[in-house]
Amino acid sequence: MSAGKRRDLVVVGGGVVGLGAAREAARRGLGVTLVEKGHPAREASWAAAGMLSPFSEAVEEGPFLDFGLASLELWPDWVGALEAETGRSVAYRESGKVRVALSAGEEERLQARIPWAQGRGLAVHWLDSEGLREFEPRLSKAARGGLLVERDFHVDNRRLGSALEEGAHRAGVEIRAGTAAREVHSRKGRVVGVELEDGTSISTPRVLVAAGAWSAGIGGLPRPLPIRPIRGQMLALAPASLPSPRLLESEEVYLVPREDGRLLVGATVEEVGFQPGVTGEGVQALLEGALRLVPELGKAPLIELWSGFRPGSEDGNPILGPDPDLEGLFLATGHFRNGILLAPLTALILGALMAGETAPPIPTPFLPARTRVPARSG
Ligand SMILES: Cc1cc2nc3c(=O)[nH]c(=O)nc-3n(C[C@H](O)[C@H](O)[C@H](O)COP(=O)(O)OP(=O)(O)OC[C@H]3O[C@@H](n4cnc5c(N)ncnc54)[C@H](O)[C@@H]3O)c2cc1C
């Protein structure tokens, strides 16, 4: 291993999580190097649909909903600053979402969410079948009703990734693309550096592991990180005109409009390890779901197919914050289906903590301490 230069912080992983945190730390005065094994923002952060949906993604009230709503609050200022400093638009849209019930069961499950949403002051409204068709005339006649969620938004995550790369660069982050981090080095319980696949090393007192679905593969951590890849397949249609400016969602699929006229259809959720690509079954499920929602999409050209690996944790929550067993090690991974939504708050918290500043609190269920293996008794 050749001796390397010294940096205040090395960030491992250049998705939206790593880029966002690196930019934030650099803006707070740290000398930051970000190491990316491939190209920045070309993995899950590129493959995603870009929905910012704390309410729809929350299965119940709790820390995920609170954290998601807090992150959503940051979005306007966060993208405003990013767009101003980079001169790029990321197509952030406060569109709202309609969650459509295609069966009696779906209707019941959606209506059951209304009391707890309204109890939290979230703007949701039930539309009966007639009201729904007036509001969204191109939906299937089978739609029984729908829940209008005013504060579910979306962003073009591919544009966001490019803008964040540029923003991190402008903030002074050195981006080393095409080199994987192999191992975190420590001495006497403190981080001292990172060894890269190319045999070089970087001396640093702080490392942030933000390697998405690959986070478990980084060596030298106090314990294996319980992160696994969860494949998501998606496709894009090019309808003559978009069915709605809003997000549309059933229990099978969601439809996301893009500024260039594409309509994204997502997404499968599959435990197949790091097996890349799209499958006949996956595409069939997505197309059938899309056509059940908006039948006229059957005429739309199918123009793109892709997949990506979500970073899944055991409990579905992100793993965030300083590691309790290795000083100088920070973790920001396991964002599963919501890393785009949670990117601003993750960046703000990690950026501040790594710079030694006061940060918004991390919910206890998200802290790295929960990944410790309990000691065996007897
Ligand atoms: C199909 C699909 C749809 C999704 N839709 C949404 C959505 O609508 N809304 C939402 O909020 N989220 C969505 N997500 C989830 C979201 O994409 C992820 O949670 C988020 O992108 C995670 O960001 P990340 O930076 O942690 O991971 P990634 O974007 O995967 O970035 C991790 C980076 O680390 C790099 N890396 C890995 N190992 C190393 C190493 N050893 N050394 C150096 N670099 C390394 C990788 O090359 C990669 O670039 C979706 C995901 C998928 C797959």
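Analysis parameters
Residues numbered from 1 in each chain as written. Predicted model: local features only at pLDDT ≥ 70, side-chain atom pairs only at ≥ 80, totals over all residues. Heavy atoms only, no water. Domains from an automatic or database assignment. Buried area = accessible area lost by both parts, 1.4 Å probe. Salt bridge = Lys/Arg side-chain N within 4 Å of Asp/Glu carboxyl O. Polar contact = N/O pair within 3.5 Å; in protein donor to acceptor, adjacent residues only side chain to side chain. Near = heavy atom within 4 Å. Areas by Shrake-Rupley, 256 points an atom, 1.4 Å probe, with all protein chains shown as cover. Helix = DSSP H or I, 4+ residues; strand = E, 2+ residues; numbered from the N terminus. Nonpolar A, V, L, I, M, F, W, Y, C, P; charged D, E, K, R; others polar. Core = buried A, V, L, I, M, F, W, Y, C linked by side-chain atoms within 4.5 Å. Buried < 20%, exposed > 50% of the residue type's maximum accessible area, 1.4 Å probe, protein only. Contact = heavy atoms within 4.5 Å.

Attention now moves to the domain arrangement of the protein chain. A common way to express how large an interface is: the accessible area buried when the components associate. What the domain assignment lists for the protein chain is domain 1 (9-47 + 158-226 + 315-371), domain 2 (97-150) and domain 3 (229-312). The straight-line distance from the C-alpha centre of domain 1 to that of domain 3 is 29 Å. Both sides of the domain 1 and domain 3 interface together cover about 1200 Å² of buried area, and 62% of this is carbon and sulfur. Broken down residue by residue, the surface that domain 1 buries against domain 3 is led by Ala47, Ala213 and Phe336, which jointly contribute 42%. Our count for the domain 1 to domain 3 interface comes out at 1 salt bridge. Residue Glu304 pairs with Arg158 through a salt bridge whose shortest N-O separation is 3.1 Å. Here domain 1 is connected to domain 3 by 3 residue pairs in polar contact (both at pLDDT 80 or more).

Turning to the site of the ligand, a few remarks are in order. Of all residues adjacent to the ligand, which total 37 residues, the nearest are Glu36, Ser45, Met51, Ala181 and Arg337. Contact distances for the ligand include 2.6 Å between an oxygen atom and a side-chain N or O atom of Glu36. Expressed as a share of its isolated accessible area of 1000 Å², the protein-covered part of the ligand is 98%. Of all elements in the fold, only helix H1 (16-27), strand E2 (32-36), helix H2 (44-47), strand E13 (227-237), strand E17 (302-313) and helix H9 (339-354) reach the threshold of two or more residues within the shell around the ligand. For the shell around the ligand, the per-class residue count stands at 21 nonpolar, 11 polar and 5 charged. Of the domains in this structure, domain 1 (9-47 + 158-226 + 315-371) and domain 3 (229-312) are the two that each give at least three residues to the shell around the ligand.

Now for the nonpolar core. Counting 59 residues, the largest nonpolar core has Val32, Leu52, Trp75, Leu160, Leu208, Leu350 and Met354 as the members making the most contacts within it. Broken down by element, the residue count for this core peaks at 9 residues, all from helix H4 (residues 63-86). Two domains each put at least three residues into this core: domain 1 (9-47 + 158-226 + 315-371) and domain 2 (97-150). If we ignore the near neighbours within four places in the chain, the residues touching Leu350 are Ala21, Leu208, Leu320, Gly321, Phe330, Leu331 and Ala332.

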